[in-house]
Each structure stands twice: as C-alpha cells, then as structure tokens.
Amino acid sequence: MSGDDLNNPRAYPEELEEQIEHRGRQLLLRPIRAQDTERHRLFLARVSPRDLYTRFFAGVHEVPEPEVEHFTHIDYDREMAFVAVAADGAEQGEILGVARACMLPGERAAEFAVLVRSDLKRQGLGALLMRKLIRYCRARGIAELRGNVLMENAAMLALAHSLGFRMRTIELNVGEIALELRTDPAAA
Ligand SMILES: CC(C)(COP(=O)(O)OP(=O)(O)OC[C@H]1O[C@@H](n2cnc3c(N)ncnc32)[C@H](O)[C@@H]1OP(=O)(O)O)[C@@H](O)C(=O)NCCC(=O)NCCS
C-alpha cells in the first residue's frame, strides 16, 4: 500500500478520468489527488482576491497551507473534487479549475463549490466542471446538489440557472441554490 493509499481510505478512482478537447485545447478532467497539493497551491495563487472572496465568503489573500492539503487529501466516499488540468501546450499539468461536492451526512444530498482560475473565466470551464460533478453525483444516487452563493455573484447565479438550479432561500446577501438530480442517466 502506497503512502497515498494510506491517506485515502478509498483508492483514487482512476476510472473517472476523462480526456477531452475543449475549445481547441486538450484537458484532463479527473478527481483531485493527494499529489496535487503543490499544483493546487499554484492554482489558488492565480485566483484573484475577489474570486477567493466569492468562493470562500471571506477576504482571503492566500489560502493557508493546511487547508490546501485538506482540499487535495480527500476521502472519496464522503467528498469528490474534479480538477480540469491542461493536457497540452505551455500550461500542461496545471490546474485550471476545480469543482467539489461534499456529501451531507444523513441526507441524500451534497453541497458543491466551484472555482476557475481568474484569467480563464468565461471560457466554459465552470460549466464543464459542474456538468462532470452533476453526472458523478447523479450516478452515486445523490438526490440533490446544493450550494450557497452570494447574491452579488452574478456569474455563479447565471451559471447555476443555466444548469437548472433553483433558488431556495435568501438570507441577507446569501442565497441557497439547489438542483434536483433525477436518477435517469439520460438526463445527464
Ligand atoms: C462562477 C464561476 C465558477 C463561473 O465559471 P466560468 O468558467 O467563468 O463560467 P463559464 O464560462 O462556464 O460560464 C457558463 C455560463 O455561465 C454564465 N456566466 C458565467 N459567468 C458569467 C458572468 N460573469 N456574467 C453573466 N453570466 C455568466 C453564462 O451563461 C455562461 O455561458 P456563456 O458564456 O455561454 O454565456 C467563476 O466565475 C468563478 O470561479 N468565480 C469565483 C468563484 C465563485 O464565485 N464560485 C462560486 C461559489 S460556489
């Protein structure tokens, strides 16, 4: 058993890797793994303070190292994070975006979050990652995907709307959005 296997109770689900062409570039969509810590740190360094704020709801200029480790050392039974990795060109191997879902204990529901490198926004990466996450959650029998979004976050609200999410509640400046996942695989 390797060091990574010891850290991850369930082995890396390699079968979820997907090599795709997206707008003229090769991408690998795959689960995040323990060896991604440095890559993930470099990715976060290229996310603007404003985008970190809309993702974490707090003014952070740098995500602390232990948290970055926490993001990459995941228990695949309870959480999933997909990264979009450049598979060609000068940025080969770099993380361009990440979408994650944490299973909510006692419910057939999961909470999601998504983040795209700031200079790559509006190139379809957020939608690509969210669709991959939705397919995965649906295949795992999760009935609902939900998330919290700042009401000022027009980009996420528009992306969520385009994916079929509905606004459930709004408290102060935060809205809870939710997507019901039908088990019909044809609906993916
Ligand atoms: C929200 C976020 C993930 C969107 O990712 P993205 O890769 O830029 O989005 P996409 O290019 O896939 O956009 C898909 C669709 O969403 C909508 N959309 C995305 N950004 C938009 C914006 N700024 N204004 C209006 N609509 C927008 C559009 O309908 C878009 O389709 P189109 O470009 O064909 O019109 C990205 O802006 C981000 O990382 N923001 C910071 C972190 C964050 O806020 N995360 C959400 C909290 S969980």
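Let me sum up the structure you'll find in this document. (Residues numbered from 1 in each chain as written. Predicted model: local features only at pLDDT ≥ 70, side-chain atom pairs only at ≥ 80, totals over all residues.)

1. Re the overall build of the chain
Stage number 1. Looking only at helices and strands, one finds six helices and eight strands in the chain.
Stage number 2. What you see in the chain, going N to C, is helices and strands ordered as α-β-β-α-α-α-β-β-β-α-β-α-β-β.
Stage number 3. Scaling as 2.2 N^0.38, a compact globule of 188 residues should have a C-alpha radius of gyration of about 16 Å, and the chain matches this with 16 Å.
Stage number 4. Considered along the principal axes of its C-alpha atoms, the chain spans approximately 45 × 35 × 35 Å.
Stage number 5. The proportion of buried residues among the 188 residues of the chain is 29%. (Helix = DSSP H or I, 4+ residues; strand = E, 2+ residues; numbered from the N terminus. Rg over C-alpha atoms; globule rule 2.2 N^0.38 Å. Buried ≥ 20, exposed ≤ 12 C-beta atoms within 10 Å, placed from the backbone.)

2. Observations concerning the site of the ligand
Stage number 1. Neighbouring the ligand are 23 residues; Thr54, Gly126, Ala127, Ala155 and Ala158 lie closest to it.
Stage number 2. If you list the elements that add at least two residues to the shell around the ligand, you get α3 (49-56), β5 (109-116), α5 (125-139), β6 (144-150) and α6 (154-162).
Stage number 3. Ranked by residues supplied to the shell around the ligand, first place goes to α6 with six residues. (Near = placed C-beta within 6 Å.)

3. A closer look at the packing of helix α2 (residues 37-45) against helix α4 (residues 65-72)
Stage number 1. Where α2 meets α4, the closest approach of the two axes is 9 Å, and the angle between their N-to-C directions is 120°. Crossing handedness for the pair α2 and α4: right-handed. On the side of α2, the interface is formed by Thr37, His40, Arg41 and Leu44, while α4 contributes Val68, Glu69, Phe71 and Thr72.
Stage number 2. Along the lines of polarity and charge, the residues of the contact of α2 with α4 split into three nonpolar, three polar and two charged. (Axes fitted to C-alpha atoms, helices over the stretch in contact; angles between N-to-C directions. Left-handed = near helix turned anticlockwise from the far one by under 90°. Contact = placed C-beta atoms within 7 Å. Nonpolar A, V, L, I, M, F, W, Y, C, P; charged D, E, K, R; others polar.)

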